[in-house]
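# Structural characterization, general
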Amino acid sequence: QVQLVESGGGLVQAGGSLRLSCAASGSIFSINRMAWYRQTPGKQRELVADITSGGNYADSVKGRFTISRDNAKNTVYLQMNSLKPEDTAVYYCNVYASTYRYSSRWSDYWGQGTQVTVSS
């Protein structure tokens, strides 16, 4: 299996910045897509940003957030600038990966979630 460990969440004032990190470990053969989702109570989990060869962003975060990846470390980052109270959510890392044992079998893996709270 693949394990994802997230870090970097916390409490920040509006206009501030945070950087989320997600490190994947295990018998990883290949990672194609990496992404960040977020979820608030009563709402569906929504895609914030994803990256394969280039980054794609939800309209609500475009121009403020930047997704990047370090393939050597199997890590994806989300740099969040100019944070707004509406960015408050639990942020989840997601990777689409295959393992050495079953290199042709691809699966989605999820992190445990990290809380981001933006105060006004």
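A few points on the structure. (Residues numbered from 1 in each chain as written. Predicted model: local features only at pLDDT ≥ 70, side-chain atom pairs only at ≥ 80, totals over all residues. Heavy atoms only, no water.)

### Notes on the environment of G16
Quick note on the threshold: Secondary structure follows DSSP: runs of H or I at least 4 residues long count as helices, runs of E at least 2 residues long count as strands, and numbering of each begins at the N terminus. Buried means the residue's accessible area, taken with a 1.4 Å probe over protein chains only, is under 20% of the maximum for its type, while exposed means over 50%, and partly exposed covers the values in between. We call two residues in contact when some of their heavy atoms are within 4.5 Å.
Of note, G16 is situated in the loop between β2 (10–13) and β3 (18–26). The class for G16 is buried, based on a relative accessible area of 17%. Between the C-alpha atoms of G16 and S82, which are 66 residues apart in sequence, the distance is 5.5 Å. Residue contacts for G16: discarding those within four places in its chain leaves M80, N81, S82 and L83.

### Some points on the state of the cysteines
Inclusion rule: Any two cysteine sulfur atoms lying within 2.5 Å of each other are counted as a disulfide.
Counted according to the given criterion, the structure contains 1 disulfide. Paired by a disulfide, C22 and C93 hold their sulfur atoms 2.1 Å apart. Its torsion about the S-S bond being -85°, the disulfide of C22 and C93 is classed as left-handed. A residue pair is termed long-range when its members are at least 10 positions apart, and C22 in strand β3 and C93 in strand β9 (residues 89–99) qualify at 71 residues.

### With respect to the nonpolar core
Just so we agree on the cut-off: Only buried residues count toward a nonpolar core. Its members are Ala, Val, Leu, Ile, Met, Phe, Trp, Tyr and Cys residues joined through side-chain atoms within 4.5 Å.
Within the largest apolar cluster, 30 residues are counted, with the highest numbers of intra-cluster contacts made by W36, L78, M80, Y91 and V95. Counting residues per element, the ones that place at least two in this core are β1 (2–7), β3, β4 (28–39), β5 (46–51), β7 (65–70), β8 (75–80), β9 and β11 (114–119). Here this core gets 5 residues from one element, more than from any other, and that element is β9. Non-local contacts of M80, meaning those with residues more than four positions away in its chain, are made with G16, S17, L18, L20, R64, F65, Y91 and V116.

### Points about the side chain of R38
Where we set the bar: Residues adjacent in sequence count toward polar contacts only when both atoms are side-chain atoms; beyond that, a polar contact is any pair of N or O atoms within 3.5 Å, and within protein one must be able to donate a hydrogen and the other to accept it.
Residue placement: R38 occurs in strand β4. A distance of 2.8 Å separates the side chain of R38 from the side chain of E46, its partner in a polar contact. One polar contact links R38 to Y91, side chain to side chain, over a distance of 2.9 Å. Excluding residues that lie within four positions of it along the chain, R38 makes contacts with Q44, R45, E46, V48, S60, V61, F65, E86, D87, A89, V90 and Y91.

Read these as layout, nothing more, since geometry by itself doesn't imply function.
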